[in-house]
Amino acid sequence: MATHNDQEVQMTQSQLGKVWFVVSALLLYYALNSWVVAQGGEEIFGAKLVMKARVPAVMIAIPICSILLALTSLVGRVYSLRAGSKWHERIPVVGFDGIDTGSREGRVYQGAMITVFSLLPAIALVYFWCTFLSATVMLNDGKKDPGASVWDWSQLRTLNDPARICTEFHKELADPCIGNATVLPGLEPTIFGALTLAAIVALAMHWRAVVTGQPHEPSSITTHGK
């Protein structure tokens, strides 16, 4: 009778670095596109990734960027925990495999990479939240009155279009909520907040691993083969 043995195989540092770069690049690209659209511009390279209206664009960007930031931070942390004793050795090398990260130029390059791929999307996430929370909310009750709060659970009376969040609000118009998207008061902001909190925790763990390093901590990504 045949038997199957599970063999634990660790991903190499090179493989982890490539995964970190791919997820980080996707995060940065989506965050920048959402920010550009929120400023009234066109998406980078004409890619159709985000909604055109400012508030819906940032609203969708919050959960997507939070998830991607958490993923890239977790992968980056695993890389850091396995890497060398210096901070610049604990950041994946992007684009130049033969770079001397210990040189002055190498340290500047490594610092720039983690700032661009990790810190910059986190700053964009703060902007998305500020825009989301400052937007006008209108209940879908026929009154066309602004002022509802996205945190008000009492307004969540139905899951079928209970409220609209507006990019602009002009009460004199037949449809005063311009550039709008459906929002579930209380529920969606809470879910978004939980995702963002998880991303912040993962980001802090990643940066701590880069700064302090814990090379002896048992941490790995494994696959199982026969």
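Parameters at a glance
- Residues numbered from 1 in each chain as written.
- Predicted model: local features only at pLDDT ≥ 70, side-chain atom pairs only at ≥ 80, totals over all residues.
- Heavy atoms only, no water.
- Helix = DSSP H or I, 4+ residues; strand = E, 2+ residues; numbered from the N terminus.
- Buried < 20%, exposed > 50% of the residue type's maximum accessible area, 1.4 Å probe, protein only.
- Contact = heavy atoms within 4.5 Å.
- Areas by Shrake-Rupley, 256 points an atom, 1.4 Å probe, with all protein chains shown as cover.
- Pairing = 2+ DSSP bridges.
- Axes fitted to C-alpha atoms, helices over the stretch in contact; angles between N-to-C directions.
- pLDDT = per-residue confidence, 0-100.
- Parallel < 35°, antiparallel > 145°, perpendicular 65-115°, else oblique.
- Left-handed = near helix turned anticlockwise from the far one by under 90°.
- Nonpolar A, V, L, I, M, F, W, Y, C, P; charged D, E, K, R; others polar.
- Core = buried A, V, L, I, M, F, W, Y, C linked by side-chain atoms within 4.5 Å.
- Phe/Tyr/Trp six-rings, centres within 6.5 Å; stacked < 30°, edge-to-face > 60°.

### With respect to the overall build of the chain
For the chain, the count of helices and strands is four helices and seven strands. Listed by position from the N terminus, the elements making up the chain come as β-α-α-α-β-β-β-β-β-α-β. Considering the chain as a whole, with its 226 residues, one finds that 41% of them fall into the buried category. Considering only contacts in the chain between residues 6 or more positions apart, those separated by 24 or more positions represent 64%. Of the roughly 12300 Å² of accessible surface on the chain, 63% is carried by carbon and sulfur atoms.

### Examining the sheet that holds strand S3 (residues 163-166)
One open sheet holds the three strands; their spatial order is S2-S3-S6, and the pairing between them is antiparallel. For this open sheet the edge positions go to strand S2 (136-139) and strand S6 (181-183), each flanked by a neighbour on one side alone. Here the strands of the sheet are splayed against their neighbours by 40° on average, with no regard to which way each runs. Two strands pair when backbone bridges link them, and S2 and S3 are joined in this way by four bridges, in the antiparallel orientation. Each bridged residue has a counterpart across the sheet, and for methionine 138 the counterpart in S3 is arginine 164. Seen against the sheet, helix H2 (residues 54-82) touches S3 and S6 and runs at an angle of roughly 50° to S6.

### Here's the deal with the confidence of the model for the chain
Within the chain, residue pLDDT values average 85, and 88% of them lie at 70 or more. Within the chain, the element-level pLDDT minimum falls on strand S7 (residues 222-225), averaging 48, and the maximum on helix H4 (residues 187-212), averaging 96. The model gives residues 1-7 a pLDDT under 50, and that stretch makes eight contacts with residues more than four places away or in other chains. Here residues 216-226 is a poorly scored stretch, pLDDT under 50, and it has 27 contacts once near neighbours within four places are set aside; other chains count.

### A look at the packing of helix H1 (residues 13-38) against H2
Between H1 and H2, the shortest axis-to-axis distance is 9 Å and the interhelical angle comes to 160°. Here H1 is positioned roughly antiparallel relative to H2, judged by the angle of their axes. Where H1 crosses over H2, the handedness of that crossing is left-handed. Class assignment of the residues belonging to the contact of H1 with H2 gives a composition of 22 nonpolar, six polar and two charged.

### Considering the nonpolar core
Membership of the largest hydrophobic core comes to 35 residues, with the highest contact counts inside it found for Met59, Cys65, Leu69, Phe128, Phe132 and Ile165. At the level of secondary structure, the elements contributing two or more residues to this core comprise H1, H2, helix H3 (104-134), S2, S3, S6 and H4. When residues in this core are grouped by element, the largest group, 10 residues, is from H2. Every residue in contact with cysteine 65, bar those within four places of it in the chain, is listed here: Leu27, Tyr30, Ala31, Leu125 and Phe128. Within the second largest apolar cluster, 11 residues are counted, among which are Leu16, Val75, Ala83 and Phe117.

### A few points about the packing of aromatic side chains
Under the definition given, this model contains six aromatic pairs. Relative to tryptophan 151, the ring of tryptophan 129 lies with its centre 6.3 Å away and its plane at 5°, an arrangement referred to as stacked. Here tryptophan 129, found in helix H3, pairs with tryptophan 151, found in the loop between S2 and S3; they are 22 residues apart in sequence, far enough to count as distant. Relative accessible area serves as the criterion here: at 42%, tryptophan 151 is assigned to the partly exposed category. Chaining the aromatic ring pairs together yields one cluster made of Trp129, Phe132, Trp151 and Phe192.

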